[in-house]
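If you want the building blocks of each chain, they are given just below.
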There are 4 protein chains.
Amino acid sequence: MKLIIEKDYEAMSQTAATLTLARMYQNRRVNISITAGSTPKRVYEIMAPQVKDKSYLDNVYYYNFDEIPVKGEKVGITMRDLNTMYFTPAAISRERIVPLNEQTYTTQMERIRSVGGLDFMLLGLGFDGHYCGNLPGATHFEDEIVTVSSYATPDMEKRLIKNLDRPEQLFDFYLTMGPKAVMETKELVIIANGKRKAPAVKEFLTGTIRNEFPASVLKLHPNLTLILDEEAASLL
Amino acid sequence: MKLIIEKDYEAMSQTAATLTLARMYQNRRVNISITAGSTPKRVYEIMAPQVKDKSYLDNVYYYNFDEIPVKGEKVGITMRDLNTMYFTPAAISRERIVPLNEQTYTTQMERIRSVGGLDFMLLGLGFDGHYCGNLPGATHFEDEIVTVSSYATPDMEKRLIKNLDRPEQLFDFYLTMGPKAVMETKELVIIANGKRKAPAVKEFLTGTIRNEFPASVLKLHPNLTLILDEEAASLL
Amino acid sequence: MKLIIEKDYEAMSQTAATLTLARMYQNRRVNISITAGSTPKRVYEIMAPQVKDKSYLDNVYYYNFDEIPVKGEKVGITMRDLNTMYFTPAAISRERIVPLNEQTYTTQMERIRSVGGLDFMLLGLGFDGHYCGNLPGATHFEDEIVTVSSYATPDMEKRLIKNLDRPEQLFDFYLTMGPKAVMETKELVIIANGKRKAPAVKEFLTGTIRNEFPASVLKLHPNLTLILDEEAASLL
Amino acid sequence: MKLIIEKDYEAMSQTAATLTLARMYQNRRVNISITAGSTPKRVYEIMAPQVKDKSYLDNVYYYNFDEIPVKGEKVGITMRDLNTMYFTPAAISRERIVPLNEQTYTTQMERIRSVGGLDFMLLGLGFDGHYCGNLPGATHFEDEIVTVSSYATPDMEKRLIKNLDRPEQLFDFYLTMGPKAVMETKELVIIANGKRKAPAVKEFLTGTIRNEFPASVLKLHPNLTLILDEEAASLL
């Protein structure tokens, strides 16, 4: 594991943007997954103008790694957030965005493997150790791409509803690449910033590997980079 | 994961030997770990004459991944068995064999990382899901290189003594690369043959990932090949 | 460059077969090119039974790198020879063999690049420094895939006719991947055996890089292995 | 080859800095060579603050690829310029800078190979097709690391003296990695900007491969990226 500690959120974002951009500069198809959430907001602000209208990046394909479907909406929460934060400002063509949804999820792993697998994934780290839709109690290490019931754990319904405009929009399940699917990616990058993430970062690096803290398993990946700001690293 | 099923033990051994040999043919230092045990016996018989006296393979370094020390002996069980099966018939120079023992184990990971990490590891699969010295109850997924007490589990003493000439030779502990250290290797190959291994193979491929079946975690490695004969694959 | 010198033709062939086979054992599509000619005859004899009926090698695609069309025949000299030596005994499915011919050559590079490029190429070395159809006077270093006139050099017509049953079968041109296309391959392996090849081997390794000795440019490839028997290496 | 055309010098520099920085973010030793000259000035201004005092970049080693020694000075022109532009503002420790000079050049290739070879090289492109010290008439494609006489070509003396404060400082020779040594690098990046470079860029991409235009051979590298601004690309 490569551990990178930067001074602050801006520096962390700059380094994550540099790493993500550089992986795109290849003379072949590149398949990547990028995270929604609040952590990468600045990463995408830095990246978007460097990606927009660059035909030499037409080799890059984006595979969503989780999705919360919304009743009555064509687009789920993850896709909506990625559109706002990155796909729209970076003007990524729709043909190069591969959604994960109710129609596609059962064949998504096969689709990914048929184009050579995922090359790169940018992940966040939740307070509770979650990443993608791998919340405690939601998935197990051996899962590939799965649906998770909206009632899988006592607080799941509440957590999902927080993402919605109205509670009636709650779908029966959400979708996620599970730990096994994520670990199959050639390179993983995890970002985390702020004092409030410091306990999760400490647990990630020093705790046992267990389904109850889902991200713990990612430290077994042979090509992993963890990028923190000083606050997130303050308990190490 | 790449799954290769060969007709019989001979064909499985031939394919494993081909893969292991080919990883050595590089124009740079190559660091590998190879397993003792009965499964690879024929692999090494095939490899030895193709390696012996080949100065173009002087780029290959061998790192032992476990060791059972023996009281009153300079050399442990793993090294003794590898000497007999491979290092001696292949005439590998001692400067290119890096032992794991009581003197070296605390600094072994650092030593491995300083030369670029392990490139390749050939592993067996035990009936109980063990690999290297990762027996059920002996290690945890987050372990790097550790000592395991000879009394760590109820049957550990008995299992270790079976490897010794006389019970008095039993040492207080044995040594092994733990799951985290093994997963850091760039490429893993697991071999298994025979009907008696079929249940372990099935459990490996379809069971949950848990410390109680240590090898289960290896299926999370992004560059893993499993080579079986038809008997070992008979329950799939 | 990795230089491997083996005792004799059999050992050279065994090592080349090992290297070629091992490159196929991947959990993704693998694109390779293999040479016709007399040098690899034994390589293919060793490989064929290890490849035949192995469904786990369905990930391997073969791209012919040169072709001598024959008037009145559907199949050129290279394809005919590869069929006899390897594709037929190894029972390679036609869907995984991509021919180079009058219909395909203008779009072949594009086709190769769209599947990630060639991973591996097994080449012979001619007495005159030729490889593929890159004969002295036929191609230049900057050529990708080209046609070469059957009258390009004073002795070209004679050389081509030697491959035919009857002189009337001579086509106006033959086809070849040029030096630039070959160099784009991720890994190159050159084999040569026998005393008669010793001068070409010496020239390859110690001579200047020039179009007049076409193979000379291949020593600039960053991932090249040269496998010789002792006779071919006897002038080094 | 990957061709990247950016709007202007600033954008070209940003992309080259991103690519160079990202290659450094590895969990292993990384060996790179970077060019002096005027083209990369802005690249290094962008990089320096992102590299300075970053202990996580202690894995990066710098190997100079050419040097013009100066009579009476301890440090040659290339090292002086790289110090000014990058090594000093980025505060690179001297233990991680490997100079090329009269004392080291005969063993430099061996030194580079013993640490796994060069991973990355950032190159400029001269009006006359030169790169590193590979000027027309100075080196040949098969050269590894060589000395070039200060009188090797009619205008060499004049060109070298332009770099010096006083003509008396002219040394008998300068040093350079030759084409063969450069091509052994795993990844090459060439940058060029401005209208005045447009003819050289066109010649590089469309001309024949010949010693008289030294950079022509670099287009045979299987992992090459060319980064231009629109002016440098204006004749394509």
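Residues numbered from 1 in each chain as written. Chains lettered and ligands numbered in written order. Predicted model: local features only at pLDDT ≥ 70, side-chain atom pairs only at ≥ 80, totals over all residues. Heavy atoms only, no water.

### A word on the interface of chain A and chain D
Think of interface size as the accessible area that goes away when the parts come together; that is how it is often given. The interface of chain A with chain D comprises 20 residues on the first partner and 20 residues on the second. A buried area of about 1800 Å², summed over both sides, lies between chain A and chain D, and 50% of it is on carbon and sulfur atoms. In terms of surface lost to chain D, no three residues of chain A exceed K2, Y25 and Y56 of chain A, which account for 36% of the buried area on that side. At the surface where chain A touches chain D, the tally comes to two salt bridges. Of the charged contacts in the structure, one is a salt bridge between E6 of chain A and K54 of chain D, with a shortest N-O distance of 3.1 Å. Put simply, chain A and chain D have 12 residue pairs in polar contact (both at pLDDT 80 or more) between them. If one sorts the elements of the side of chain A that touches chain D by residue count, helix α1 (residues 9-24) of chain A sits on top with seven residues. (Contact = heavy atoms within 4.5 Å. Buried area = accessible area lost by both parts, 1.4 Å probe. Salt bridge = Lys/Arg side-chain N within 4 Å of Asp/Glu carboxyl O. Polar contact = N/O pair within 3.5 Å; in protein donor to acceptor, adjacent residues only side chain to side chain. Helix = DSSP H or I, 4+ residues; strand = E, 2+ residues; numbered from the N terminus.)

### With respect to the relation of the copies chain B and chain A
With an RMSD of 0.0 Å, the operation that places chain B on chain A is a rotation of 180° combined with a shift of 0.0 Å along the axis. Interpreted geometrically, this transformation is the action of a two-fold axis. Of every C-alpha in chain B, the one belonging to H221 of chain B sits nearest the axis of rotation, 3.5 Å from it. By residue overlap, the copies meet face to face through one surface: 100% of the interface positions of chain B are interface positions in chain A. (Least-squares fit on C-alpha atoms with pLDDT ≥ 70 in both.)

### Quick look at unusual backbone geometry
Glycine aside, negative phi is the norm for most residues, and most peptide bonds take the trans geometry. The phi dihedral of C132 of chain A falls on the positive side, at around 45°, and the residue is not glycine. Take C132 of chain A: it is sitting in the loop between β6 (120-124) and β7 (145-149). For C132 of chain A, a relative accessible area of 10% corresponds to the buried category. One non-glycine residue, D53 of chain C, lies in the positive phi region at around 60°. Mapped onto the secondary structure, D53 of chain C falls in the loop between α2 (41-51) and β3 (60-63). (Buried < 20%, exposed > 50% of the residue type's maximum accessible area, 1.4 Å probe, protein only.)

### Some points on the packing of helix α1 (residues 9-24) of chain B against helix α1 (residues 9-24) of chain C
To characterise two packed helices, one gives the angle between the axes of the helices and the distance between these axes. Running from N to C, α1 of chain B and α1 of chain C point in directions that differ by 105°, and their axes come no closer than 8 Å. The angle between the axes of α1 of chain B and α1 of chain C places the two elements in the roughly perpendicular class. Counted together, T18, L19, L21, A22 and R23 of chain B of α1 of chain B and T18, L19, L21, A22 and R23 of chain C of α1 of chain C form the full contact between these two elements. For the contact of α1 of chain B with α1 of chain C, the per-class residue count stands at six nonpolar, two polar and two charged. (Axes fitted to C-alpha atoms, helices over the stretch in contact; angles between N-to-C directions. Parallel < 35°, antiparallel > 145°, perpendicular 65-115°, else oblique. Nonpolar A, V, L, I, M, F, W, Y, C, P; charged D, E, K, R; others polar.)

### Some words on the relation of the copies chain A and chain D
If you rotate chain A by 180° and push it 0.0 Å along the axis, it lands on chain D with an RMSD of 0.0 Å. Most of the interface of chain A is mirrored in chain D, where 100% of its interface residues again form contacts.

### Quick word on the sheet that holds strand β8 (residues 173-177) of chain A
All names here are of chain A. Strand order in the open sheet made by the three strands is β4-β8-β7, with antiparallel pairing throughout. Edge positions in the open sheet fall to β4 (66-67) and β7, since each of these has one partner strand only. Two elements, β7 and β8, share five bridges in a ladder whose sense is antiparallel. Paired with V146 across the bridge in β8 is T176. (Pairing = 2+ DSSP bridges.)

### Details of the packing of aromatic side chains
Taken as a whole, this structure holds 24 aromatic pairs over all chains when the rule is applied. When the centroid spacing of 5.2 Å and the interplanar angle of 85° are considered together, the rings of F171 of chain B and F173 of chain B count as edge-to-face. F173 of chain B sits in the partly exposed class, given a relative accessible area of 22%. For the ring pair Y44 of chain D and Y86 of chain D, a centre distance of 5.4 Å and an interplane angle of 45° mean the geometry is tilted. Of this pair, Y44 of chain D sits in helix α2 (residues 41-51) while Y86 of chain D sits in helix α3 (residues 77-87); the two residues are 42 residues apart in sequence, bridging distant segments of the chain. An aromatic cluster is defined as three or more aromatic residues linked by ring pairs; in this entry it consists of Y44, Y62, Y86 and F87 of chain A. (Phe/Tyr/Trp six-rings, centres within 6.5 Å; stacked < 30°, edge-to-face > 60°.)

### Observations concerning the sheet that holds strand β6 (residues 120-124) of chain B
Either a parallel or an antiparallel arrangement is found when strands of a sheet pair, and the pairing is made through backbone hydrogen bonds. Residues and elements named next belong to chain B. Read across the sheet, seven strands follow the order β1-β10-β9-β6-β2-β3-β5 without closing on themselves; strand pairing throughout is parallel. Since the sheet does not close on itself, it has two edges, and those belong to β1 (2-6) and β5 (97-98), each with one partner. Summarising the sheet, strand β9 (residues 188-192) and strand β10 (residues 224-229) pair through five bridges and their orientation is parallel. Its bridge partner lying in β10, V189 is registered against T225. In this fold helix α7 (residues 198-206) packs onto β9 and β10, with an angle of close to 150° to the strand it touches most, β10.

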